[in-house]
Amino acid sequence: MRIVLLGPPGAGKGTQAKLMHDRFGLSHIATGDLLRTAVAERTALGRAAQDYMERGELVPDGLVIDMIDERLQRNGRSDGFMLDGFPRTVAQAEALERWLAARGMPLDDVILLEVPREELVRRLSGRRTCRNCGAMYHVAFDRPAQAGVCDRCGGELYQRDDDREETIRARLAVYDNSTAPLADFYRARGLLREVDGTGEPAQVLDRIVAQLKGRH
Ligand code: AP5
């Protein structure tokens, strides 16, 4: 399966991608994670991307497209994937389409997770992430047993720089302007599946699986 997970910041793309990875074994390719690693490692890409990310703006298309090109090549032909956070602009979607068409590997489905705006802000402002293993928590909905410590690996939990309320609002505005038009792009290709992203993560997963059933 080759799937794109689409949705605004906080819609649960990363959460659902991890659940889908556990269930179907698909590679989870998240441009946000790849970029945060590049920033932490101070690579040329990371140094170029850092300021954009801290402001909640998109990293320029050329940089992200080169990064994903390299990552998809490593993934190989036969393995499926879930793309989380890519594409985010029409230019990125067109580049992905060309890349996949050249290899005879079309997308199967695009899942659009829909969540009301205030819920997105609540989710993101309370998110905490493990520095060590990347596990996610929420200060109200999904607390670790000990505050600030990851249940899985004992690593330190931190708040992402772009999860402050002002930056969250900026990211949502960027989504509306640059990424929301992708729903029409994929609807026109018959690939878009709209999924209610509210409720428990396991319920959302069930809805996604119900959408995929019958086609795979
Ligand atoms: P990125 O890391 O992709 O961030 P995002 O798209 O803003 O998405 P998030 O990770 O914030 O949210 P999510 O939908 O994955 O939700 P999650 O599952 O974590 O990008 C960061 C930055 O990198 C961008 O701003 C940009 O600068 C740059 N970038 C990345 N890709 C790019 C690209 N293609 N082009 C250009 N620039 C790019 O869940 C959020 C919280 O909600 C968690 O606390 C979770 O526990 C909780 N939660 C999840 N599901 C539920 C539920 N069902 N009920 C209750 N709580 C839930």
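A.B. asks: Please set out the site of the ligand residue by residue, giving values where relevant.
C.D. replies: The immediate surroundings of the ligand are formed by 35 residues, with Thr15, Glu57, Arg88, Arg127 and Arg171 found nearest. Between the ligand and Lys13 there is a distance of 2.9 Å, counted from an oxygen atom to a side-chain nitrogen or oxygen. Residue Arg123 places a side-chain N or O atom 3.5 Å away from a nitrogen atom belonging to the ligand. For the ligand, whose unbound accessible area comes to 1100 Å², protein coverage reaches 95%. For the shell around the ligand, the secondary-structure elements that each account for two or more residues are α1 (13–24), α2 (31–40), α6 (117–125) and β6 (136–138). In terms of residue count, α2 provides more of the shell around the ligand than any other element does, 4 residues in total.

A.B. asks: I'd like a description of the sheet that holds β6, backed by residues and values.
C.D. replies: Here we have 3 strands laid out as an open sheet, ordered β6-β5-β7, and antiparallel in their pairing. Each having just a single partner strand, β6 and β7 (157–158) make up the two edges of the open sheet. Alignment of strand β5 (residues 127–130) against β6, held across 3 bridges, turns out to be antiparallel. In the sheet register, Thr129 faces β6, and the bridge partner there is Met136. Along the sheet, α6 makes contact with β5 and β6, crossing β5 at roughly 40 degrees.

A.B. asks: Describe the pairing of strand β4 (residues 109–114), and please don't skip the residues or the numbers.
C.D. replies: Counting buried positions over the 6 residues of β4 gives 5, a clear majority of the element. Pairing analysis gives 4 bridges linking strand β1 (residues 2–6) to β4, with the strands arranged parallel. Within the sheet, the bridge partner assigned to Leu6 lies in β4 and is Leu112. Pairing of β4 with strand β8 (residues 192–196) involves 5 bridges; the strand directions are parallel. Its bridge partner lying in β8, Glu114 is registered against Asp196.

A.B. asks: Could you give an account of the sheet that holds strand β2 (residues 27–30), naming the residues involved and the relevant values?
C.D. replies: The parallel open sheet is built from 5 strands, whose spatial order is β2-β3-β1-β4-β8. Looking along the sheet, the strands with just one partner apiece sit at the ends: β2 and β8. Each strand axis lies, on average, 25 degrees off the axis of its neighbour in the sheet, ignoring direction. Against the sheet, α2 makes contact with β2 and β3 (81–84), and its axis sits at roughly 65 degrees relative to β2, the strand it touches most.

A.B. asks: Kindly report on the side chain of His138, identifying the contributing residues and their values.
C.D. replies: As for its position among the elements, His138 is in strand β6. Assessed through its relative accessible area of 9%, His138 is described here as buried. There is a polar contact of 3.2 Å between the side chain of His138 and the backbone nitrogen of Phe141. Those residues within four positions of His138 in sequence are excluded, and the remaining contacts are Arg122, Arg123, Gly126, Arg127 and Arg143.

Rules behind the numbers
- Residues numbered from 1 in each chain as written.
- Predicted model: local features only at pLDDT ≥ 70, side-chain atom pairs only at ≥ 80, totals over all residues.
- Heavy atoms only, no water.
- Near = heavy atom within 4 Å.
- Polar contact = N/O pair within 3.5 Å; in protein donor to acceptor, adjacent residues only side chain to side chain.
- Areas by Shrake-Rupley, 256 points an atom, 1.4 Å probe, with all protein chains shown as cover.
- Helix = DSSP H or I, 4+ residues; strand = E, 2+ residues; numbered from the N terminus.
- Pairing = 2+ DSSP bridges.
- Contact = heavy atoms within 4.5 Å.
- Axes fitted to C-alpha atoms, helices over the stretch in contact; angles between N-to-C directions.
- Buried < 20%, exposed > 50% of the residue type's maximum accessible area, 1.4 Å probe, protein only.

What is shown is where atoms sit, not what they do.
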